[in-house]
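Summary of structural features
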Amino acid sequence: MKDKLIIGIVCYPTYGGSGVVATELGIAFAEKGHEVHFISYDQPFRLDIFSEKISFHEVNIPSYPLFEYPPYELNLTSKLVDVAIHEKLDILHVHYAIPHASAAVNAKQILLTYGIDLPIITTLHGTDITLLGKDKSFKPVIEYAINSSDSVTTVSKDLMDVTKSNFRIQNSINYIPNFIDMNLYNNDIPNHLRSSYAKDDEFIITHISNFRKVKRIKDVINIFNNINNDNCKLLMIGDGPDRIMAEQMCRDYNISDRVKFLGKLKLIENLLSISDVFLLPSETESFGLVALEAMASKSVVISTNSGGLPEVNKDGFTGFLSDVGDVKKMSKDLSSLLSNTQLLNEMKENAFEHAKSFDLPKVLPKYEEIYFKLCKRCQK
Ligand code: GMT
């Protein structure tokens, strides 16, 4: 019986949680001896290691004068067929419903004509269901892709409920939470790093995102501006459409000297290790992987209570939860943390302890079990 698999992974290569989860899952499987093939239009941003067990297959999109819009999904489908045949994939794990899951189910149909039955696992990550899933122009495709996958997983219980209530789901859905590798969070704070952003007695507040509307960047700046405490710095990590607005707000509030916009950084563990409080006032968040990464770095999380966030951030224990847009309460929670060091330190430890329940070795077997159950060659 086969005990090492050949796994195909499709994900977005860009700065975002679904790409991070997919990449780290692939790396972890490669470390366990499985062969992993990443397929995307660019090298996933966290895929910066060399391993003989990992290959990357780039999807090329040729231009053709007739195409006003590049048919990426078709190029991806062809690439999936090609990789499945020539690399002899046992399973294909796609992250994000569109176009990945729909390309995968098409590829599966094509592969059947070659006598290959490739099992498809689709992991839903959030906005594919909560934002795009509500858009009528995508809905039938997403529904079909979910129902045609051999296995479907969601990253939170909340996302599972939302998926079931938004779509006519005929498949069973498994909940497998996102994870972190606690080994990466040793919490030794590099002194020089802290001192380059703040004085010894200053607090460091952080926010990390893609600065899209759903992240409510305005609330981040307002929360920081509202607190009556000059003894802190705000580090804004990431980039996206609302960055310019946020920078302007800081100029208008005259707080630019205390707010640093650092852009897209890859190795966030180091920066999070110097963070005291992490702000995530999102409109919706299926899980909030970045909140978990902050907690693993002993940062207290002030977030909204939307989506799957309450499954990660425990109100009054690892941080505080508020209704979306309740900037007043989030500012009050931040002020009370910064004025009570004992509470801050206690909650930091709680955050770290709670993060351990999402450690990689606890989650990896859940995916592995599905892989082996579906792998045809493993049953012989
Ligand atoms: O919104 C983002 O940060 C990007 C997005 C993605 O697709 O990469 O993140 C989603 O997937 C992450 C990994 O599962 C989750 O932790 C995020 O909560 C989720 N984002 C939203 O639901 C808005």
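Note that this is a predicted model, so its numbers are computed, not measured.

**Examining the site of the ligand**
The local shell around the ligand holds 17 residues, among which Ser 18, His 125, Asn 178, Glu 285 and Ser 286 are the closest. A distance of 2.8 Å separates an oxygen atom of the ligand from a polar side-chain atom of Asn 178. In the environment of the ligand, an oxygen atom lies 3.2 Å from a nitrogen or oxygen atom belonging to the backbone of Phe 287. Here the ligand, which alone exposes 480 Å², has 92% of that area covered by the protein.

**Some thoughts on the pairing of strand β6 (residues 151-154)**
Where burial is concerned, the two faces of β6 agree: the one with Ser 151 and Thr 153 and the one with Val 152 and Thr 154 are both buried. Of the pairings in the sheet, the one linking strand β5 (residues 120-124) to β6 comprises 4 bridges and is parallel in character. Looking across to β6, one finds that Thr 123 is bridged to Thr 153. Where β6 meets strand β7 (residues 173-175), 3 bridges bridge the pair, whose relative direction is parallel. Bridged to Thr 154 within β7 is Tyr 175. Taking the sense of rotation as the criterion, the β-α-β connection linking β6, helix α6 (residues 157-166) and β7 turns out right-handed.

**Examining the packing of helix α2 (residues 72-86) against helix α3 (residues 97-112)**
Close contact between α2 and α3 brings their axes to 8 Å; oriented N to C, the two are set at 50°. As far as their axial angle goes, α3 and α2 are oblique. As α2 runs across α3, the sense of the crossing is right-handed. In this structure, α2 contributes Tyr 72, Glu 73, Leu 76, Thr 77, Leu 80, Val 81, Ala 84 and Ile 85 to the contact, and α3 contributes Pro 99, His 100, Ser 102, Ala 103, Ala 104, Asn 106, Ala 107, Ile 110 and Leu 111.

**Digging into the sheet that holds strand β10 (residues 259-263)**
Taken together, the 6 strands give an open sheet; going across it, the order is β10-β9-β8-β11-β12-β13, and neighbouring strands pair in parallel fashion. Each edge of the open sheet is held by one strand with a lone partner, namely β10 and β13 (319-322). Averaged over neighbouring strand pairs, the angle between their axes works out to 20° when direction is ignored. As judged from the 4 bridges shared by strand β12 (residues 300-304) and β13, these two strands associate in the parallel manner. Its bridge partner lying in β13, Thr 304 is registered against Ser 322. Strand contacts of helix α9 (residues 243-253): β9 (232-238) and β10, with the helix running at about 160° to β10, the strand carrying the most contacts. Sheet contacts for helix α11 (residues 289-296): β8 (203-209), β11 (277-280) and β12; angle to β11, the most-contacted strand, approximately 175°.

**Digging into the side chain of Ser 156**
Along the chain, the position of Ser 156 falls in the loop between β6 and α6. Look at Ser 156 and you get buried, because its relative accessible area is 0%. Ignoring any residue separated from it by four or fewer positions in sequence, one finds Ser 156 in contact with Tyr 175, Ser 286, Phe 287, Gly 308 and Glu 311.

**Some points on the domain arrangement of the chain**
Where interface size is given, it is often the accessible area lost as the parts come together that is meant. What the domain assignment reports for the chain is domain 1 (6-179 + 359-379) and domain 2 (182-358). Relative placement of domain 1 and domain 2: their C-alpha centres are 30 Å apart. Tallying the contact residues gives 23 residues for domain 1 and 24 residues for domain 2. Overall, the association of domain 1 and domain 2 removes approximately 1,800 Å² of surface from exposure, summing both partners, and the carbon and sulfur fraction of that is 55%. On the domain 1 side of the interface with domain 2, the three residues burying the most area are Tyr 15, Arg 46 and Asp 359, jointly 38% of the side's total.

Parameters and conventions
Residues numbered from 1 in each chain as written. Predicted model: local features only at pLDDT ≥ 70, side-chain atom pairs only at ≥ 80, totals over all residues. Heavy atoms only, no water. Near = heavy atom within 4 Å. Polar contact = N/O pair within 3.5 Å; in protein donor to acceptor, adjacent residues only side chain to side chain. Areas by Shrake-Rupley, 256 points an atom, 1.4 Å probe, with all protein chains shown as cover. Buried < 20%, exposed > 50% of the residue type's maximum accessible area, 1.4 Å probe, protein only. Helix = DSSP H or I, 4+ residues; strand = E, 2+ residues; numbered from the N terminus. Pairing = 2+ DSSP bridges. Right-handed = clockwise from strand over helix to strand, strands pointing away. Axes fitted to C-alpha atoms, helices over the stretch in contact; angles between N-to-C directions. Parallel < 35°, antiparallel > 145°, perpendicular 65-115°, else oblique. Left-handed = near helix turned anticlockwise from the far one by under 90°. Contact = heavy atoms within 4.5 Å. Domains from an automatic or database assignment. Buried area = accessible area lost by both parts, 1.4 Å probe.

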